[in-house]
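A look at the structure
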Amino acid sequence: MMKRFLKNERGLTLIELLAVIVILGIIAAIAIPAIGAIIDNSKKDAHIANAKQLANAARMAISAEGFDTTVKTSFTMQELYDKGYLDKIPKSPGKKSNAYDPNKSEVLIEKKTGGENITYKVKLVDSDGSFVYIDSNKDVEDLTRSDVNLE
């Protein structure tokens, strides 16, 4: 009985093998662009998180030192590093392994007239000074992925 099963067993034909390869190619063609978009979105989210971290450090500096927001209207990343309100951000996310430029990356502080509402606008520049990741006129809490530039 076992001999009869072994005689009837055949391997894969060339057509079947080609069909499997074509199906795998189609799946790869669909998946690769989707994975690229996911990677880009995660890089943009990392830049937004870094911008929020920079704004929170500026909030701490204002609270701790009692700055008058009508006099002090911005903090550079370097100022926040030096005063201990911000830990070093090792590098910016993306293909470049450059860190942000601590002297050109800054938080702009605006106090709206007629109220206590303060907005924090962040600018993130790479260490070459040639590329701006975020240069927004929006409050840091309102940043979206479309506000972030990638290399």
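Conventions adopted
Residues numbered from 1 in each chain as written. Predicted model: local features only at pLDDT ≥ 70, side-chain atom pairs only at ≥ 80, totals over all residues. Heavy atoms only, no water. UniProt positions renumbered as here; feature names shortened; annotations may be inferred. Helix = DSSP H or I, 4+ residues; strand = E, 2+ residues; numbered from the N terminus. Patch = residues over 30% accessible without salt bridge, like charges linked within 9 Å, V, L, I, M, F, W, Y side chains within 5 Å. Areas by Shrake-Rupley, 256 points an atom, 1.4 Å probe, with all protein chains shown as cover. Salt bridge = Lys/Arg side-chain N within 4 Å of Asp/Glu carboxyl O. Pairing = 2+ DSSP bridges. Expected span 1.5 Å × (residues − 1). Buried < 20%, exposed > 50% of the residue type's maximum accessible area, 1.4 Å probe, protein only. Contact = heavy atoms within 4.5 Å. Axes fitted to C-alpha atoms, helices over the stretch in contact; angles between N-to-C directions.

1. Overview of the UniProt feature "transmembrane region" (unreviewed entry) in the protein chain
Annotation from UniProt places "transmembrane region" (unreviewed entry) at residues 12-39. Split by type, residues 12-39 is 93% helix and 0% strand. Its first and last C-alpha atoms lie 38 Å apart.

2. Quick look at a nonpolar patch on the surface
Among the surface-exposed residues, Leu12, Leu14, Leu17, Leu18 and Ile21 lie close enough to one another that they form a single nonpolar patch of about 530 Å² accessible area. With respect to the helices and strands, leucine 12 occurs in the loop between helix H1 (2-8) and helix H2 (14-65).

3. So, the pairing of strand S4 (residues 132-135)
As judged from the 3 bridges shared by strand S3 (residues 118-125) and S4, these two strands associate in the antiparallel manner. Along S4, the bridge assignment pairs lysine 123 with aspartate 135. Where S3 hands over to S4, the hairpin turn is made up of 6 residues, of which glycine 129 adopts a positive phi near 75°.

4. Considerations on H2
Note on helix geometry: an α-helix contains 3.6 residues per turn, so any two residues three or four positions apart are oriented the same way. Compared with an ideal rise of 1.5 Å per residue, which puts 52 residues at 76 Å, H2 spans 76 Å between its outermost C-alpha atoms and is within 8% of the ideal. Among the residues of H2, those classed as buried are Lys43, Lys44, His47, Ile48, Asn50, Ala51, Leu54, Ala55, Ala57, Ala58, Ala61 and Ile62. Of the surrounding elements, those touching the buried residues of H2 are strand S1 (74-76), helix H3 (77-82), strand S2 (106-111), S3 and S4. Once H2 ends, the next one or two residues include glycine 66, with phi positive near 65°.

5. So, the sheet that holds S3
Strand order across the open sheet formed by 4 strands is S1-S2-S3-S4, with antiparallel pairing between neighbours. If you trace the sheet from one side to the other, it starts and ends with S1 and S4, each paired once. Taken pair by pair, the neighbouring strands of this sheet meet at an average axis angle of 15°, ignoring direction. Together, S1, S2, S3 and S4 form the strand contacts of H2, whose direction differs from that of S3 by roughly 130°.

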